[in-house]
Amino acid sequence: MAAGRVGPLLQELYQRLWEAYGPQGWWPGETPFEVAVGAILTQNTNWGNVARAITALKDQDLLTPQALQALPETELARLIRPTGYYNLKARRLKNFLDFLANHFENSMARMSAADLASLRPALLSIKGVGPETADSILLYALAKPTFVVDAYTFRILSRHGLIAEGCAYEELRHMFLAHLPVQVPLYQEYHALLVRLGKEWCRPQPRCATCPVDGWPAE
DNA sequence: GACCAGGCACATC
DNA sequence: GATGTGCATGGT
């Protein structure tokens, strides 16, 4: 793939997705903290299961940093059970809560005041927060200009011949960042649209026949 | 019953 | 550095 073509191709893909699906309204979540919690809970899990857990936490007024800090890890695990890997995710949430308390006084607003360049490595240092979770928190909870790459992004772009099979996360992330205008709403919408396309048309078992971006890129 | 879902850390080679 | 494995529920 010639480097000069990538920008226009990514723009065209976005255009076609937007025309096919329109705005996706991402991320589902009422507060930055809720978005961050959801980002951890949705790891390798259907969003419907995450929504149940979020509702369970809300119903008991537990969806605040302070309330979750005070909640025993075993009790937290019980409440997020529908998301799968619940023991693992309870620990990961606790790790994030410790980070938020220690560095930003339990305040997502304070966290938001920090630079992307320092925040991203800081988030990645939390055990249980990998690149996709970190970028989801940065882009959707804190409105920082980073791009979220997920399994659908890899699958869609490799299946349409834009990237090699073994393309690394950072490589793909930089591809989007380097070729798109620096606009947070664009990054948010683009990732959401890729997930929408992936869910409907780009499953592990291919059935891309007449999907909305069939024939892209034109050769 | 198999497959899949908006990953990540860790062990092993 | 690449590859394999454990973590686990709920929908299709």
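Residues numbered from 1 in each chain as written. Chains lettered and ligands numbered in written order. Predicted model: local features only at pLDDT ≥ 70, side-chain atom pairs only at ≥ 80, totals over all residues.

## Digging into the protein's contact with DNA strand C
Stage number 1. Around DNA strand C lies a shell formed by N44, T45, N46, G48, N49, R81, P82, G84, Y85, Y86, N87 and L88.
Stage number 2. Looking at the surface near DNA strand C, the elements with two or more residues in it are α3 (47-59) and α6 (86-104).
Stage number 3. It is α6 that provides the largest number of residues to the surface near DNA strand C, a total of three residues.
Stage number 4. Of the residues belonging to the surface near DNA strand C, the class tally is four nonpolar, seven polar and one charged. (Near = placed C-beta within 6 Å. Helix = DSSP H or I, 4+ residues; strand = E, 2+ residues; numbered from the N terminus. Nonpolar A, V, L, I, M, F, W, Y, C, P; charged D, E, K, R; others polar.)

## Brief notes about the protein's contact with DNA strand B
Stage number 1. Close to DNA strand B lie 27 residues; Q43, G130, E132, T133 and P204 are nearest.
Stage number 2. Taken together, the elements giving at least two residues each to the surface near DNA strand B come down to α9 (131-141) and α12 (184-201).
Stage number 3. The element contributing the most residues to the surface near DNA strand B is α9, with four residues.

## Details of the domain arrangement of chain A
Stage number 1. Here chain A is described as being made up of domain 1 (3-25 + 147-201) and domain 2 (32-141).
Stage number 2. Contacts between the two partners involve eight residues from domain 1 and, on the opposite side, six residues from domain 2.
Stage number 3. Broken down by element, the side of domain 1 that touches domain 2 gets its largest block of residues, three residues, from α12.
Stage number 4. Considered class by class, the residues forming the side of domain 1 that touches domain 2 number six nonpolar, one polar and one charged. (Domains from an automatic or database assignment. Contact = placed C-beta atoms within 7 Å.)

## Overview of the packing of helix α2 (residues 32-41) against α6
Stage number 1. At their nearest, the axes of α2 and α6 sit 10 Å apart, and the two run at 145° to each other. Relative to α6, the crossing made by α2 is right-handed. Packed against α2, whose contacting residues are A36, V37, I40 and L41, the element α6 presents K89, R92, L93 and F96 at the interface.
Stage number 2. Partitioning the contact of α2 with α6 into residue classes produces six nonpolar, no polar and two charged. (Axes fitted to C-alpha atoms, helices over the stretch in contact; angles between N-to-C directions. Left-handed = near helix turned anticlockwise from the far one by under 90°.)

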